[in-house]
Amino acid sequence: DTGVSQDPRHKITKRGQNVTFRCDPISEHNRLYWYRQTLGQGPEFLTYFQNEAQLEKSRLLSDRFSAERPKGSFSTLEIQRTEQGDSAMYLCASSWTSGRVRDTQYFGPGTRLTVL
Amino acid sequence: DAKTTQPTSMDCAEGRAANLPCNHSTISGNEYVYWYRQIHSQGPQYIIHGLKNNETNEMASLIITEDRKSSTLILPHATLRDTAVYYCIVRVYGPGGGADGLTFGKGTHLIIQP
């Protein structure tokens, strides 16, 4: 257990529905990352926050995806109008950085999304 | 961040040392080598990282060649619980340059045989 928690662990939804996932990072970590992992592939970076500011978004993050970290603690990732191609494991990671160096990222257990 | 090349899969007998190679021939001077592993249906687990000196922790040892173009992760006494996909990642570890997200390849599927 790394100390990063994700909820729910599994989500089954129908195409067209909206879903929201939550990530709670390690408490003193100021950076929070979201990744997506499809079957047989390594995780792919989606976006990250430093405190409450969203600093980078991958081109994989379509307009249907939105992420927030309102108080610089937990984060949510929402997918609107889900499509079958959104079926994947969504991973959250956190790290602490002073800004001078990039620190090690620790991952949560992931949320597995199945879109029917 | 530089790309890495790893074998698709490897077998190792339980109790023996597992040596996982990684090629990163285009690595830059300010890029570190990181290793993560992912046991089936779990999130990736950090193992170790290094710049140019060999590193050891409670999980593994990391040997980086002098020219830094390749490295080897060593699990000294592999157990069945070490069966996982192992990812070698190179990443800038300093201000400026490179992406902050990790770039994972497909990794090496290590299977520990009883």
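Residues numbered from 1 in each chain as written. Chains lettered and ligands numbered in written order. Predicted model: local features only at pLDDT ≥ 70, side-chain atom pairs only at ≥ 80, totals over all residues. Heavy atoms only, no water.

A.B. asks: What should I look at first to understand the overall build of chain B in this one?
C.D. replies: Along the backbone of chain B there are zero helices and nine strands. Relative to the globule expectation of 13 Å for 114 residues, the C-alpha radius of gyration of chain B, 14 Å, shows essentially globular dimensions. For chain B, the spread of C-alpha atoms along the principal axes amounts to about 45 × 30 × 25 Å. Accessible surface computed for chain B: about 5600 Å², of which carbon and sulfur atoms make up 49%. One finds the centroid of the 9 positive side-chain charges in chain B at a distance of 3 Å from the centroid of its 10 negative side-chain charges. (Helix = DSSP H or I, 4+ residues; strand = E, 2+ residues; numbered from the N terminus. Rg over C-alpha atoms; globule rule 2.2 N^0.38 Å. Areas by Shrake-Rupley, 256 points an atom, 1.4 Å probe, with all protein chains shown as cover. Lys, Arg positive; Asp, Glu negative; His and termini not counted. Charge placed at Lys NZ, Arg CZ, Asp CG, Glu CD.)

A.B. asks: Explanation requested: the sheet that holds strand β6 (residues 61–64) of chain B in the structure shown.
C.D. replies: Either a parallel or an antiparallel arrangement is found when strands of a sheet pair, and the pairing is made through backbone hydrogen bonds. All names here are of chain B. Spatial strand order, β2-β7-β6-β5: four strands in an open sheet with antiparallel pairing. Two strands bound the open sheet, and with one partner strand each, they are β2 (18–23) and β5 (55–56). Sheet analysis places β6 next to strand β7 (residues 70–75), joined by four bridges and oriented antiparallel. Bridging from a neighbouring strand, Ile64 pairs with Ser71 of β7. (Pairing = 2+ DSSP bridges.)

A.B. asks: Any chance you could explain the confidence of the model for chain B here in plain terms?
C.D. replies: Detailed reading of the predicted coordinates is not advisable wherever pLDDT falls low. The pLDDT averaged across chain B works out to 91; a share of 92% of its residues lies at or above 70. Averaged over each element, pLDDT in chain B is lowest for strand β8 (residues 84–92) of chain B (93) and highest for β2 of chain B (98). (pLDDT = per-residue confidence, 0-100.)

A.B. asks: Help me understand the environment of Glu44 of chain A in this model?
C.D. replies: All names here are of chain A. For Glu44, the location among the structural elements is in strand β5 (residues 44–50). Residues Glu44 and Gln80, spaced 36 residues apart in sequence, show a C-alpha to C-alpha distance of 19 Å. Non-local contacts of Glu44, meaning those with residues more than four positions away in its chain, are made with Trp34, Tyr35, Arg36 and Leu60. (Contact = heavy atoms within 4.5 Å.)

A.B. asks: Is there a simple way to explain the pairing of β5 of chain A in this structure?
C.D. replies: Two faces make up the sheet, and in a regular strand the side chains alternate between them. Residues and elements named next belong to chain A. With six of its seven residues buried, β5 lies for the most part within the structure. Sheet analysis places strand β4 (residues 31–37) next to β5, joined by six bridges and oriented antiparallel. From the neighbouring strand, Arg31 faces β5, where its bridge partner is Gln50. Here β4 hands over to β5 after six residues, with Gly40 in that stretch at a positive phi of 85°. Here β5 runs beside strand β6 (residues 53–57); their pairing, made up of four bridges, is antiparallel. Note that in β6 the partner of Tyr48 across the bridge is Glu56. Hairpin connection, β5 to β6: the antiparallel pair is bridged by two residues, and Asn51 has positive phi, about 55°. (Buried < 20%, exposed > 50% of the residue type's maximum accessible area, 1.4 Å probe, protein only.)

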